[in-house]
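Coordinate inspection notes
What follows is each chain in one-letter form.
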Amino acid sequence: MTENLGTSPDEVQFRFRDDETVDHGTVTVDACCDQTNATAVRIEPGDDARELLPFLDRLALVEVNFPSFADGRGYSAARILREAGYTGELRAVGDVLIDQLSHMRRCGFDAFAPDVRLDEKDAQRAFATWDNVYQATTDGRKTIQERRHGADQ
Amino acid sequence: MKVLTGNDLKTGDVTWWTGTSWSRDVNDAADVGERGAEILAREEAARRVNVPYLIEAERTENGVRPAHIKDRVRAVGPTVRPDLTLNPQNPEALDWVI
Amino acid sequence: MYKYDNYDQQMVDARVEEFRDQARRRLEGKLTEDQFKPLRLMNGLYLQLHAYMLRVAIPYGTLNGEQMTALANIADKYDRGYGHFTTRQNLQYNWIKLEDAADILADLAKVEMHAIQTSGNCIRNISSDHFAGAAQDELVDPRPYAELLRQWSSFHPEFTYLPRKFKICVIASEKDRAAMRLHDIGIQIVQQDGEIGARFFVGGGMGRTPMIAPMIRDFVPLDQLITYAEACLRVYNRYGRRDNKYKARIKILVHELGKDEYTRQVEEEFAHMLDQGVEPPREELERLKPFFADPTFEDGAKTVDRSDPDFALWVDRNTHRHKNDAYVSAVISLKPVAGIPGDATGDQMRVMANLAQQYSFDELRIMHTQNVVLPHVKIADLHALWTQLDAADLGAPNMDTIEDMIACPGLDYCALANARSIPLAQRISEKFDASGKTEKLGELKLKISGCINACGHHHAGHIGILGVDKKGVENYQLSLGGSEAEDVSLAKITGPGFTEDGVIEAVETVTDVYLAQKQGEERFLDTYRRIGMAPFKEALYD
Ligand code: HEM
Ligand code: SF4
């Protein structure tokens, strides 16, 4: 059960963390629940991210796979983990394209390993798309509605 | 005959493959025989056409007539707005669609 | 009406620039069509039969004269001088160039409009009651809630790649003028023990498997409204089917899980989310309400001079009771006899814009029946209004009659169509107008879709017509007994389909059955419900 599913650190094109990049093979969600020492796991679109909640303390890396950018289940998986207090690396892998970056970032992803390397300039522009946001997520940004009613930066 | 059609990437105009380029007039359409897939791939990659596809058509004495009504509507324009069709002077064009 | 603040403006402007960049990358070949398609769709840009088509959002169907004028100018400058108002209270342009699209969005942004999320598998434009803020029978104005939902659903980071499109509707009266229960989420603002709250209906829709949304919560407190919607969406995003496009709508999830199990999952997610701070501050709703406050109504005449019978007929047909009895809401019909349902020229849009400024506190509404409303017209001004409408070919006195049919663009414009809808609509309206039967038939809702996607609401028509493809020839199925109103029901197919001429005959036949069987004040729908399908079938097929 040690088949290496994970992306290697070299494949991580964007990272918004200061700690060292985890370089362990990831295991499946099922394996992670059975195995007490796994520290890295990969979530596929059909997996229930909530099955990982009992093990969050020992996890340093969660990869969420997007086999197709059009399958948006990974966004919910990411938010569920962050809402449950997960603070380790949350890496979007697979069919990760320029135009999904800003939303992924808001849902809690802090590392990106796209199948096809992205144009650096286009990507930086994409991360900076929204000066302000309408929805509250766990990324801690104050929403427009909060700003309107007195919350400062 | 087999002909290729698609839309112009920039303008969205309906276009037909003439054998060397793309024309807005269905009557310019060329028979591509078995080479359709190959031309499609090349032309789409070069962005000279968007979402192209291969259709059956028939060469008649009045020109090229696509087999499916949808492509005949595409060739002429909306049947309910003769003023906006490719050839507003020719009201018979609409009967050709049906 | 709602006015953008700097934040809203910034969001829309940022989106224009984002799209400009995406279009540039597409034209430069950095994006393939497969990658670009969902992005352009999320900005309302389709590739249709003849060209690109741009769908502009008219949030909850409300707009002002300046906005309507901007729509007219876009029609003239970038399109071919007209636009098509849709059953989703949007406007579609049929002849757009990709290279112009970002400039059009920029022109829209200047008047606080956009095409955001008018397509794609995301939360679409929120729809609402076209008489909101004017109707005599409403509890409150539903639009502040719709605006709250508009902001929440715009660029939602989690719900931009849903299994399928998602449509939300908000109303606030017992009468349903917005097909609320045929939406993915229908919200009715209600009062319980003196408190205002939201009733949630989830899992309605049309398309190939029409369903009426069941109620899943009879009362959600207002300070949990967004959280509850978010829970409904998260369950759908996680578990909605993605293996089959035709089973991907939330109605299928609710149906397959069963309403109770879906509700249980939503309630569980909701309980979790209540601690997550997703609800906007309560002050936000209070900030929104004054934007929709009543204009200053004046006293005035409560009746009209009926000496001109044409005018009197228009007043009877095309005005709706207002909460102030010196006013009415006036319906501008986009269904002239033999016209194209829902189409308006740039000039007509400008006429409507001017009339709104002159007679309706600068407000217009788009109806799901593809007409336009001036919500607050002084009864004393009606004659002057009607005279000007009539001169612009906008005065057809036919609201809710058989001539006021809904018709989707069909095979004249739509790449998915099986058959044309518009020519049928034209011929039926011409026929019934000529025979004078329209008047005798009273309220009769005829709805035509050019294919099973049901954009023309045929499932909800008293009489519905569906275009099908019969070996490459246009063919039409007839159905009876649908309703999108508070007495919501789905129409049933009469039997084998008809040719174009045949279906027009068939419509005539079923209306004859009605007129022969009608009791008292019964509408077509009432008679159908009383006598059932058999007599109609007999007349059609025997
Ligand atoms: C011409 C381009 C259009 C295309 C390609 C298109 C496509 C579709 C598709 C594929 C569906 C089925 C969705 C499903 O069941 O999952 C649909 C449903 C619908 N569309 Fe359109 N449509 C078009 C125009 C319109 C227009 C002009 C209107 C308004 C008149 C409209 C209003 C609707 C409505 C009300 C539904 C059904 C609502 C529902 O199932 O929730 N669409 N459309
Ligand atoms: S019902 Fe079908 S034909 Fe009509 S607009 Fe919708 S997709 Fe097109």
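No experiment lies behind these values; they were computed from the predicted model shown. All residue numbers refer to position in the chain's written sequence, counted from 1. Each chain is given a letter, starting from A, and each ligand a number, starting from 1, according to the order in which they appear as written. Owing to the predicted nature of the model, reporting of local features is limited to residues with pLDDT of at least 70; listing and counting of side-chain atom pairs is limited to 80 or more, with chain, interface and lining totals taken over all residues. Values reported for side chains reflect all heavy atoms of the structure, with hydrogen atoms and water molecules removed beforehand.

This part covers the pairing of strand β15 (residues 372–378) of chain C. All names here are of chain C. A simple rule labels every residue: compare its accessible area, found with a 1.4 Å probe on the protein chains alone, to the largest value its type can have, and call it buried under 20%, exposed over 50%, or partly exposed in between. To qualify as a helix, a DSSP run of H or I must reach at least 4 residues; to qualify as a strand, a run of E must reach at least 2; elements of each kind are numbered from the N terminus. Among the 7 residues that make up β15, 7 are buried, leaving the element largely enclosed by the rest of the structure. A pair of strands is considered paired only if DSSP assigns at least 2 bridges between the two. In this sheet, β15 lies alongside strand β12 (residues 327–332) in antiparallel orientation, the contact comprising 5 bridges. Bridge pairing in β15 links V328 to V377. Inspection of the sheet shows strand β14 (residues 364–366) paired to β15 by 2 bridges, in the antiparallel sense.

Further remarks concern the sheet that holds strand β5 (residues 91–96) of chain C. Residue and element names in this part refer to chain C. Taking strand neighbours across the sheet as the criterion, the 5 strands line up as β1-β2-β5-β4-β13 in an open arrangement whose pairing is antiparallel. The sheet is open, and its two borders are formed by β1 (45–47) and β13 (343–345), each paired with just one other strand. Here the average twist between neighbouring strands, direction ignored, is 30 degrees. In the packing of helix α2 (residues 33–41) onto the sheet, contacts are made with β1 and β2 (52–56), and the angle to β1 comes to roughly 130 degrees. Here, two residues are considered to be in contact whenever any of their heavy atoms come within 4.5 Å of each other. Whenever a helix is involved, its axis is fitted only over the stretch in contact; in every case the axis is a line through C-alpha atoms, and angles between N-to-C directions fall within 0 to 180 degrees. Sheet strands touched by helix α11 (residues 346–359): β4 (82–85) and β13. Its angle to β13, the strand with the most contacts, is close to 85 degrees.

With that out of the way, let us pick up the site of ligand 1. Residues and elements named next belong to chain C. Any residue with a non-hydrogen atom lying within 4 Å of a molecule or strand is treated as near it. Around ligand 1, the surrounding shell holds 23 residues, and the nearest of these are T87, K165, M206, R249 and C455. N or O atoms within 3.5 Å of each other form a polar contact, as long as, within protein, one can give a hydrogen and the other can take it, and as long as residues adjacent in sequence are counted only when both atoms are side-chain atoms. Within the backbone of M206, one N or O atom sits 2.9 Å away from an oxygen atom of ligand 1. Here an oxygen atom of ligand 1 and a backbone polar atom of G207 are 3.5 Å apart. Only Asp, Glu, Lys and Arg are considered charged, only Ala, Val, Leu, Ile, Met, Phe, Trp, Tyr, Cys and Pro nonpolar, and every remaining residue, Gly among them, polar. Of the residues in the shell around ligand 1, the class split is 8 nonpolar, 9 polar and 6 charged.

A separate point is the packing of aromatic side chains. Residue and element names in this part refer to chain C. Each Phe, Tyr or Trp ring (for Trp, its six-membered ring) is paired with any other whose centre lies within 6.5 Å, and the angle between the two planes then decides the class: stacked below 30 degrees, edge-to-face above 60, tilted in between. Enumeration according to the criterion identifies 27 aromatic pairs over all chains in this entry. Seen in terms of ring centroids, F311 and W314 are 6.5 Å apart; in terms of plane orientation they differ by 25 degrees. Their pairing is stacked. Here W314 and F311 lie together in helix α10 (residues 309–318), a separation of 3 residues that amounts to about one turn. Under the relative-accessibility criterion, F311 is labelled buried at 2%. With a relative accessible area of 0%, W314 lands in the buried category. Between F524 and F536, the aromatic rings sit 5.6 Å apart at their centres with planes inclined by 55 degrees, giving tilted as the arrangement.

Another point: the interface of chain C and chain A. Taken together, the contact between chain C and chain A spans 47 residues of the former and 39 residues of the latter. Summed over both sides, the interface of chain C with chain A buries roughly 3700 Å², with 53% coming from carbon and sulfur. We define a salt bridge as a contact between a side-chain nitrogen of Lys or Arg and a carboxyl oxygen of Asp or Glu at a distance within 4 Å. The tally of links from chain C across to chain A stands at 14 salt bridges. Between A:D122 and C:K30 there is a salt bridge, with the nearest N and O atoms lying 3.6 Å from each other. Our count for the chain C to chain A interface comes out at 25 residue pairs in polar contact (both at pLDDT 80 or more). For the side of chain C that touches chain A, the elements supplying multiple residues, two or more each, are α1 (6–27), α2, α5 (143–153), α6 (225–239), α8 (259–273) and α9 (282–288) of chain C. Residue composition of the side of chain C that touches chain A, by class: 16 nonpolar, 12 polar and 19 charged. Put simply, buried area is how much 1.4 Å-probe accessible surface two parts lose in total, over both of them, once they are put together.

Right, let's talk about the domain arrangement of chain C for a bit. As a measure of interface size, the accessible area lost when the parts come together is often cited. Residues and elements named next belong to chain C. Here the domain parsing of chain C yields domain 1 (6–110), domain 2 (137–290), domain 3 (319–391) and domain 4 (406–541). Where each domain starts and ends comes from a domain assignment, either automatic or drawn from a database. Spacing between the C-alpha centres of domain 3 and domain 4 amounts to 27 Å. Taken together, the contact pairs 10 residues of domain 3 with 11 residues of domain 4. When the two sides are added together, the surface that domain 3 and domain 4 hide from each other amounts to roughly 830 Å², 62% of it contributed by carbon and sulfur. Among the residues domain 3 hides against domain 4, the three largest losses belong to V337, A338 and H368. Together they make up 50% of the total. Applying the counting criterion to the domain 3 and domain 4 interface returns 0 salt bridges. One can count 3 residue pairs in polar contact (both at pLDDT 80 or more) joining domain 3 with domain 4.

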